[in-house]
Amino acid sequence: MPIIGVIPARGGSERLPGKNIRPILGKPLVAYTIEAALEASTLARVIVSTDDDETARISRDFGAEVVMRPKELASATAPIDDALRHVVDFLRENEGLSIEAVVSMQANNPVRKVGEIDDVVRRLIATPWATAVATAYKLSERPEWAKVVIDQQTMEILPFMDAGTMYRMQDLRPLYLLDGATIAVPTEVLQKAAGDGRVHVYLGERIVIEVHDPMYAVEIDELEDVQLAEFYLAADRGQSRNASTADPRR
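Predicted model, so just to flag it, every value in this text is computed and none were measured.

Criteria and thresholds
Residues numbered from 1 in each chain as written. Predicted model: local features only at pLDDT ≥ 70, side-chain atom pairs only at ≥ 80, totals over all residues. Heavy atoms only, no water. Helix = DSSP H or I, 4+ residues; strand = E, 2+ residues; numbered from the N terminus. Rg over C-alpha atoms; globule rule 2.2 N^0.38 Å. Buried < 20%, exposed > 50% of the residue type's maximum accessible area, 1.4 Å probe, protein only. Contact = heavy atoms within 4.5 Å. Lys, Arg positive; Asp, Glu negative; His and termini not counted. Charge placed at Lys NZ, Arg CZ, Asp CG, Glu CD. Pairing = 2+ DSSP bridges. Axes fitted to C-alpha atoms, helices over the stretch in contact; angles between N-to-C directions. Phe/Tyr/Trp six-rings, centres within 6.5 Å; stacked < 30°, edge-to-face > 60°. Lys NZ or Arg CZ within 6 Å of the ring centre and 35° of its normal. Polar contact = N/O pair within 3.5 Å; in protein donor to acceptor, adjacent residues only side chain to side chain. Core = buried A, V, L, I, M, F, W, Y, C linked by side-chain atoms within 4.5 Å.

Chemist: Help me understand the overall build of the protein in this model?
Modeler: In terms of regular secondary structure, the protein is built from 6 helices and 11 strands. Radius of gyration (C-alpha) of the protein: 20 Å, near the 18 Å computed for a compact globule of 250 residues. Projected onto the principal axes, the alpha-carbon positions of the protein cover approximately 55 × 55 × 40 Å. Out of the 250 residues belonging to the protein, those deemed buried represent 44%. Here the analysis covers contacts within the protein between residues at least 6 apart in sequence; of these, 71% occur between residues at least 24 apart. For the protein, the distance from the average position of its 28 positive side-chain charges to the average position of its 39 negative side-chain charges is 4 Å.

Chemist: What's the story with the sheet that holds strand E11 (residues 207-211) in this structure? I'm lost.
Modeler: Adjacent strands of a sheet form backbone hydrogen bonds with each other and so pair up, either parallel or antiparallel. Taken together, 7 strands build an open sheet; the order of strands is E5-E4-E1-E6-E10-E7-E11 and the sheet is mixed. Across the chains shown, the open sheet's two edge strands, defined by having one partner strand only, are strand E5 (65-68) and E11. This sheet shows a mean twist of 30° between the axes of neighbouring strands, independent of strand direction. Across 5 bridges, the pairing between strand E6 (residues 101-105) and strand E10 (residues 176-186) is antiparallel. Bridge pairing in E10 links Ser-104 to Ile-183. Strand contacts of helix H2 (residues 53-61): strand E4 (45-50) and E5, with the helix running at about 160° to E5, the strand carrying the most contacts.

Chemist: Help me understand the packing of aromatic side chains, please; the structure alone is not making it clear to me.
Modeler: Geometry of an aromatic ring pair is reported as the spacing of the ring centres plus the angle between the planes. Under the counting rule described, the total for this entry stands at 1 aromatic pair. Seen in terms of ring centroids, Phe-231 and Tyr-232 are 5.5 Å apart; in terms of plane orientation they differ by 65°. Their pairing is edge-to-face. Assessed through its relative accessible area of 55%, Phe-231 is described here as exposed. Judged by its relative accessible area of 24%, Tyr-232 is partly exposed. Directly above the ring of Tyr-32 sits Lys-27, whose terminal nitrogen or CZ lies 4.6 Å from the centroid.

Chemist: Looking at this structure, I do not really get the environment of Asp-52. What am I missing?
Modeler: Assignment of secondary structure puts Asp-52 in the loop between E4 and H2. Sequence separation of Asp-52 and Val-66 is 14 residues, and the distance between their C-alpha atoms is 10 Å. Not counting residues up to four positions away in its chain, the partners in contact with Asp-52 are Gly-11 and Met-68. Looking at Asp-52, its side chain comes within polar contact range of the side chain of Thr-55, at 2.7 Å.

Chemist: Looking at this model, I keep getting lost on the environment of Val-148. Mind explaining?
Modeler: Tracing the chain through its elements places Val-148 in strand E8 (residues 147-151). Expressed as a C-alpha distance, the spacing of Val-148 and Leu-73, which sit 75 residues apart in the sequence, is 33 Å. Beyond its immediate stretch of four places on either side in the chain, Val-148 contacts Glu-156, Ile-157, Leu-158, Pro-159 and Phe-160.

Chemist: Would you explain the nonpolar core in this entry?
Modeler: As a rule of thumb, nonpolar side chains are buried together in soluble globular proteins. Of all hydrophobic cores here, the largest spans 27 residues; its most connected members are Ile-7, Leu-43, Val-103 and Ile-117. For this core, the secondary structure elements donating two or more residues are strand E1 (3-8), helix H1 (29-39), E4, H2, E6 and helix H4 (116-126). The next biggest cluster of nonpolar side chains, apart from the first, holds 19 residues, and it includes Val-6, Ile-47, Val-87 and Leu-203.

Written as structure tokens, this is what we have:
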């Protein structure tokens, strides 16, 4: 049974309209993830799940397959795992194809580490007890130090949680955040969680993380995110260009 890549890319976006097809350094945002997925040797197919005709057209132009999802699975509140199940169900019903695992790659994460999609898939294959493998980065901001506003007029605050006496970063257990850039989950685990809307429940109970630099977790949701992503993409292009022109005798 194949392992497929699915790129959820709905047409709507409240904070940055049309973000998934917005030009980033001259290329539609979704194209960065499509190209990275097509380079992965572990993915049998790369499929964009969208409700938007223009996103579908652009995705096909860049080499991806497209599965159009119904509007009810493309709202701002629709869980992303429902879109993944829709693709699995579509392939089973229309092609009689059973899928071993689904690799979800967010369309609005354009800065991608070379080879990381394959790394995530291979780690899932090599870790039979894992219910999912997901990219994550180490947090530098701590919830123990966060505050919550209890009065919007006076802006009075209280601690979000009891920090105790541990105020040095080195005294605290490291925390990691799943960033959604790449997630590999067996189809059996994905389908088992259908209808359960709790956060990350579709990844099962034994999640393994692939830790990467926060630059690979840049997620475009607002205009300032575009500038940050373009900075990293331009820097990456410069490094690649320098590497290709370097004198091999050095």
